[in-house]
Amino acid sequence: MKKIIVVLVIAISITSCFKDEDDENNNLSLQFKNEFAGESIDLETGTYVNSSDEILNISTLNYIISNIVLIDASGEEYIYPVEESYFLVRENDEASQKIVLNNLPFDNIKSIRFGVGVDQSNYPLNGVNNFVPTAEENNMLWSWSAGYIFFKMEGVFNSENSQDEPFLYHIGSHGETLDNYKEVTLSYENARAVSTVNIKFDVAKVFAGENEMSLEEKADIQVDPVYAPKVISNVQQAFSVATE
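Remember, it's a predicted structure, so these values are computed and weren't measured experimentally.

**Student:** Give a description of the confidence of the model for the chain that names residues and reports values.
**Tutor:** Looking at the chain as a whole, the pLDDT averages 87, with 88% of positions reaching at least 70. Across residues 1-24 the pLDDT falls below 50, and counting only partners more than four positions away or on other chains, this stretch makes one contact in the model.

This is the structure in structure tokens:
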């Protein structure tokens, strides 16, 4: 009986060791939350007022997150494997709003950096073939030659002079001449061990970030060398980290 008890204790100890090793892999979840000036996004049914006093309904809200880098308190950077570092966040798919990073070397996170879209080194479709089906299925590609749509928002709006007018923002890069890839860096005041980083994306700032955007002035922005960079600059500023 004593031998059996000893064997059980050893088995439990070994199991515990493996569990600890798994815990040390430091899987981290990035939980994205879309909102409009603090209000939750309700596709089709929600109404929101932007900085130009335009009332809008949003039907589609998608964006590509890529090239994730974690930075610890000492400034050491861990670049998440690039071939696994392309994700599509969709408002109509709750599961897509949670990105899980596996087997990280540390958990004392000070900052996180990520791209919005696809950088020139992998553009239009180089090296990220595993992401192509996801982009295709969700209409985030213009074509095989033109490449990805980094940020897509569609809906209808009302203003003083327009009623139920459609709008769409389809923002991406077009060759090397119109590079709309952006990087976002989010930091904590103090480095901390976390299992989840809550990241807010405020759609209101898409209209009122660095640039003031009016749908009545320009409601269809796609391959546009003037307006597309303004939209994506606002998108870059619309992300923030929630520490609670």
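**Student:** Describe unusual backbone geometry, and please don't skip the residues or the numbers.
**Tutor:** The phi dihedral of Ala-37 is positive, around 50°, even though this residue is not glycine. Within the secondary structure, Ala-37 is located in the loop between strand S1 (28-36) and strand S2 (39-40). The backbone phi angle of Glu-44 is positive, close to 75°, even though this residue is not glycine. Inspection of the secondary structure puts Glu-44 in the loop between S2 and strand S3 (48-49).

**Student:** So, the side chain of Ser-159: which residues are in play, and what are the values?
**Tutor:** Mapping Ser-159 onto the fold places it in the loop between strand S11 (151-158) and strand S12 (165-171). By relative accessible area, Ser-159 is classed as buried at 10%. Of the polar contacts made by the side chain of Ser-159, one reaches the side chain of Glu-216; its length is 3.0 Å. Here Ser-159 is in contact with Glu-54 and Glu-216, once residues within four sequence places are set aside.

**Student:** Describe the environment of Val-203, listing the residues and the values that go with them.
**Tutor:** With respect to the helices, strands and loops of the structure, Val-203 is situated in the loop between strand S14 (196-202) and helix H3 (204-207). Residue contacts for Val-203: discarding those within four places in its chain leaves Glu-35, Phe-36, Ile-41, Ile-58, Leu-61 and Met-153.

**Student:** How would you explain the packing of aromatic side chains if you had to name every residue and give the values?
**Tutor:** Applying the stated criterion to the full structure yields 14 aromatic pairs. On the numbers, 6.3 Å between centres and 85° between planes, the contact of Phe-32 with Phe-239 is edge-to-face. Here the residue Phe-32 occupies a position in strand S1, and Phe-239 occupies one in strand S16 (residues 239-242), the gap between them amounting to 207 residues. In terms of burial, Phe-32 and Phe-239 fall into one category: buried. Centroid distance Phe-151 to Phe-201: 6.1 Å. Interplanar angle 55°. Geometry classified as tilted. Of this pair, Phe-151 sits in strand S11 while Phe-201 is found in strand S14, placing the two residues 50 residues apart along the sequence. Here Phe-151 falls in the buried class, since its relative accessible area comes to 0%. Here a set of aromatic residues connected by ring pairs shows up, and it is made of Phe-32, Tyr-63, Phe-114, Phe-151, Phe-201 and Phe-239. Note that Lys-230 overlies the ring of Tyr-227, its terminal NZ or CZ placed 5.4 Å from the centroid.

Rules of the game
- Residues numbered from 1 in each chain as written.
- Predicted model: local features only at pLDDT ≥ 70, side-chain atom pairs only at ≥ 80, totals over all residues.
- Heavy atoms only, no water.
- pLDDT = per-residue confidence, 0-100.
- Contact = heavy atoms within 4.5 Å.
- Helix = DSSP H or I, 4+ residues; strand = E, 2+ residues; numbered from the N terminus.
- Buried < 20%, exposed > 50% of the residue type's maximum accessible area, 1.4 Å probe, protein only.
- Polar contact = N/O pair within 3.5 Å; in protein donor to acceptor, adjacent residues only side chain to side chain.
- Phe/Tyr/Trp six-rings, centres within 6.5 Å; stacked < 30°, edge-to-face > 60°.
- Lys NZ or Arg CZ within 6 Å of the ring centre and 35° of its normal.

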